[in-house]
Amino acid sequence: MPANILVIEDEPAIQALIAANLRRAGHAVHAALDAETALRQINESLPDLILLDWMLPGMSGIDLARRLRADGRTRGVPIIMLTAKGEERDKVAGLESGADDYVTKPFSPRELQARIQAVLRRGRPQASEDAVEAGGLRLDPAAHRVTAAGSPVNLGPTEFRLLHFLMTHPERVHSRDQLLDQVWGDHVFVEERTVDVHIRRLRAALESSGLDRLVQTVRGSGYRFSVAEA
Ligand code: CA
């Protein structure tokens, strides 16, 4: 699955290494040394995927990710965060800023490749393009639109797929492991906690409509989409 990938990394040697690996794998690569330059490039042409270093001079990777997620034009572009920090709380902060996955430096070209493929696969439309509707929530896969009580809801690509899966398999408990299989597909490198982060983001997006209550936690088991009270 060749893609247009934008690499934002301020260390020239690392940037060159990543770019060479991606080109070898058949991808078209653009690169930027800072967030400001990246924004100008994104403004000109939208990449299929962004590899984003956490620590950048000027605007940080986290701030850039937030900014891209807040803009309707760039909201759907998958972001993989590159970080030298291995601490769990940093990973979670990275995901919460809007990244779809993270890779901790140093990483092997094979690991990076696998994560890129997984994130790109996730972005592909679900098998069914039929709109689903339940409890005041409507999800239209063809238009990539969600409305809650008639108002538009902005979701990142992973939350969209997660909600789509939950809505098409309602009133059933899904374990984190099952959700990883169904929504993430190739989850070799994804931890179960990642599911919790994306569920939290999904609920936060639905909160103002009150429909976050449809996405229910089943203690000790997993999550359920239900129009009945928890
Ligand atoms: Ca850096």
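No experiment lies behind these values; they were computed from the predicted model shown.

So, how was this worked out
Residues numbered from 1 in each chain as written. Predicted model: local features only at pLDDT ≥ 70, side-chain atom pairs only at ≥ 80, totals over all residues. Heavy atoms only, no water. Domains from an automatic or database assignment. Buried area = accessible area lost by both parts, 1.4 Å probe. Salt bridge = Lys/Arg side-chain N within 4 Å of Asp/Glu carboxyl O. Polar contact = N/O pair within 3.5 Å; in protein donor to acceptor, adjacent residues only side chain to side chain. Helix = DSSP H or I, 4+ residues; strand = E, 2+ residues; numbered from the N terminus. Nonpolar A, V, L, I, M, F, W, Y, C, P; charged D, E, K, R; others polar. Donors = N, O, S within 2.8 Å, 3.2 Å for Na, K, Ca; no water. Buried < 20%, exposed > 50% of the residue type's maximum accessible area, 1.4 Å probe, protein only. Contact = heavy atoms within 4.5 Å. Axes fitted to C-alpha atoms, helices over the stretch in contact; angles between N-to-C directions. Parallel < 35°, antiparallel > 145°, perpendicular 65-115°, else oblique. Left-handed = near helix turned anticlockwise from the far one by under 90°. Core = buried A, V, L, I, M, F, W, Y, C linked by side-chain atoms within 4.5 Å.

## Remarks on the domain arrangement of the chain
Thinking step 1. Each assigned domain of the chain is listed here: domain 1 (4-127) and domain 2 (132-225).
Thinking step 2. The centre of domain 1, based on its C-alpha atoms, is set 23 Å off from the matching centre of domain 2.
Thinking step 3. In total, domain 1 and domain 2 occlude about 1,800 Å² of area from one another, counting both sides; carbon and sulfur atoms represent 48% of this.
Thinking step 4. On inspection of domain 1 and its partner domain 2, the count reaches zero salt bridges.
Thinking step 5. One can count four residue pairs in polar contact (both at pLDDT 80 or more) joining domain 1 with domain 2.
Thinking step 6. Among the elements that take part in the side of domain 1 that touches domain 2, helix α5 (residues 109-122) stands out by supplying six residues, more than any other.
Thinking step 7. Class assignment of the residues belonging to the side of domain 1 that touches domain 2 gives a composition of six nonpolar, four polar and 11 charged.

## Details of the coordination of the calcium ion
Thinking step 1. Protein-derived coordination of the calcium ion comes from Asp10 (OD), Asp53 (OD) and Met55 (O), at a distance range of 2.1 to 2.3 Å.
Thinking step 2. Read in sequence order, the donor residues for the calcium ion give the motif D-x42-D-x1-M. On the criterion of sequence distance, the pair formed by Asp10 in the loop between β1 (4-8) and α1 (12-24) and Asp53 in strand β3 (residues 49-53) is long-range, its members being 43 residues apart.
Thinking step 3. Its relative accessible area of 2% is what places Asp53 among the buried residues.

## A closer look at the side chain of Glu9
Thinking step 1. Mapped onto the fold, Glu9 is located in the loop between β1 and α1.
Thinking step 2. Owing to a relative accessible area of 0%, Glu9 belongs among the buried residues under this scheme.
Thinking step 3. For Glu9, the residues in contact, after removing those within four places along its chain, are Ile14, Gln15, Ala32, Leu33, Asp53, Leu56, Leu82 and Lys105.

## A closer look at the packing of helix α6 (residues 157-168) against helix α7 (residues 176-184)
The packing of two helices is summarised by the inter-axis angle and the distance between the axes.
Thinking step 1. Between α6 and α7, the least distance of the axes is 10 Å, while the angle of their chain directions is 110°. The angle between α6 and α7 places the two elements in the roughly perpendicular class. Considering only the axes of α6 and α7, their crossing is right-handed. Residues Thr158, Arg161, Leu162, Phe165 and Leu166 of α6 touch α7, and the partners they reach there are Leu179, Gln182, Val183 and Trp184.
Thinking step 2. Looking at the contact of α6 with α7 residue by residue, the classes come out as six nonpolar, two polar and one charged.

## Let's talk about the pattern of salt bridges
Thinking step 1. Applying the stated criterion across every chain, the model contains nine salt bridges.
Thinking step 2. With its nearest N and O atoms 3.0 Å apart, the salt bridge here joins Glu9 to Lys105. Residue Glu9 is located in the loop between β1 and α1, and its partner Lys105 is located in the loop between β5 (101-104) and α5; the two are separated by 96 residues in the primary sequence. By the burial criterion, Glu9 is buried, and Lys105 matches it.

## Concerning the nonpolar core
The tendency in soluble globular proteins is for nonpolar side chains to be buried as a group.
Thinking step 1. Counting 27 residues, the largest nonpolar core has Leu137 and Leu163 as the members making the most contacts within it.
Thinking step 2. Sorting the residues of this core by element identifies β7 (137-140), β8 (145-148), α6, α7, α8 (193-206) and β11 (222-225) as the ones contributing at least two each.
Thinking step 3. Sort the elements by how many residues they give to this core and α6 lands first, with six residues.
Thinking step 4. Among all residues touching Leu137, those that are not within four sequence positions of it are Val132, Val146, Thr147, Ala148, Leu163, Met167, Leu206, Leu211, Leu214 and Phe225.
Thinking step 5. Core analysis: the next-biggest nonpolar cluster, separate from the first, contains 24 residues, Ala38, Leu56, Val92 and Tyr102 among them.

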